[in-house]
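Architecture at a glance
Single-letter residue listing:
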Amino acid sequence: MPRYFITSDDGSGPECLPDPIDFPDEKTATDDARLALAEMAVEVLPHARQAALSVGVDDERGEAVYRAALTIEARSGAEIRARAEAAEADRDAAAERVAALIKGR
């Protein structure tokens with residue numbers, strides 16, 4: 001049976017299982033990694049406003065078989081509006097700089 005090394009990172013740094021795990025095939029190994037990533041997200045989501053999660057699967061030779069990453073960014077309505085207002089102000093300032101350059105020609 002093929003053996004695979006699994007690496008996961010729940011935001012606290014990568015953790016590689018010291019011994020390879022037996023899986024019937026590559027698809028089963030990658031499916032298991034996807035489920036592990038989903039389980040990490042379920043654990044993190046209720047508590048974190050930001051998280052970067054990842055999993056990796058390598059075969060016995062150390063060749064990468066699968067990589068997946070999930071980034072979580074949670075924002076309140078007030079934060080969304082503040083970012084939109086800041087972006088609009090940046091666009092207005094850029095437009096004013098362009099207009100000033102055009103007038104200066």
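In this report, the structure presented in the accompanying data block is examined. Sequence order as written defines residue numbering, which begins from 1 separately in each chain. Only residues with pLDDT of 70 or above have their local features reported here, since the model is predicted, and side-chain atom pairs are shown and tallied only from 80 upward, although totals for entire chains, interfaces and linings are computed over all residues. With hydrogens and water stripped out, all remaining heavy atoms of the structure feed into the side-chain values.

This paragraph deals with the packing of aromatic side chains. Only rings of Phe, Tyr and Trp enter the pairing, Trp through its six-membered ring, and a pair is recorded when the two centres are within 6.5 Å. The plane angle decides the type: under 30 degrees is stacked, over 60 is edge-to-face, the rest tilted. Inspection of the entire model under this criterion finds one aromatic pair. Judged by centre distance (6.1 Å) and plane angle (55°), the ring pair of Tyr 4 and Phe 23 falls under tilted. You can see Tyr 4 sitting in strand β1 (residues 3-9) and its partner Phe 23 sitting in the loop between β3 (21-22) and α1 (26-44), a full 19 residues away along the chain. With respect to class, Tyr 4 is no different from Phe 23; both count as buried. Elements are defined by DSSP. Helices are runs of H or I of four residues or more, strands are runs of E of two residues or more, and each kind is numbered from the N terminus. Partly exposed residues are those whose accessible area sits between 20% and 50% of the maximum for their type, while under 20% is buried and over 50% is exposed, using a 1.4 Å probe and protein chains only.

Another aspect to go through is the side chain of Thr 30. Among the secondary structure elements, Thr 30 is positioned in helix α1. The class of Thr 30 is buried, set by a relative accessible area of 8%. A distance of 3.0 Å separates a polar side-chain atom of Thr 30 from the backbone oxygen of Lys 27. In contact with Thr 30, not counting residues within four places along its chain, are Val 65 and Tyr 66. What qualifies as a polar contact is a pair of N or O atoms within 3.5 Å, subject to a donor-acceptor requirement within protein and to the restriction that residues adjacent in sequence count only when both atoms come from side chains. Any two residues whose heavy atoms approach within 4.5 Å at even a single point are treated as in contact.

Now for the nonpolar core. We define the nonpolar core as a collection of buried residues of types Ala, Val, Leu, Ile, Met, Phe, Trp, Tyr and Cys that are connected through side-chain atoms lying within 4.5 Å of one another. In this structure, Leu 37, Leu 53, Val 55, Val 57 and Tyr 66 are the most contacted members of the largest nonpolar core, which totals 16 residues. Of the residues forming this core, the biggest block, six residues, is contributed by α1. Discounting chain neighbours no more than four positions away, the residues touching Val 57 are Tyr 4, Phe 5, Ile 6, Ala 29, Ala 33, Glu 63, Ala 64, Val 65, Tyr 66 and Arg 67.

A word on the pairing of β1. For two strands to be treated as a pair, DSSP must find at least two bridges joining them. Across two bridges, β1 lies against β3 in antiparallel orientation. If you follow Arg 3 over to β3, its bridge partner there is Asp 22. Here β1 runs beside strand β4 (residues 50-59); their pairing, made up of six bridges, is antiparallel. When the bridges of β4 are listed, Thr 7 appears paired with Gly 56. Across three bridges, β1 lies against strand β2 (residues 14-16) in antiparallel orientation. Directly across from Ser 8, in β2, lies its bridge partner Glu 15. Here β1 folds back onto β2 in antiparallel fashion, the turn holding four residues, of which Gly 11 has a positive phi close to 105°.

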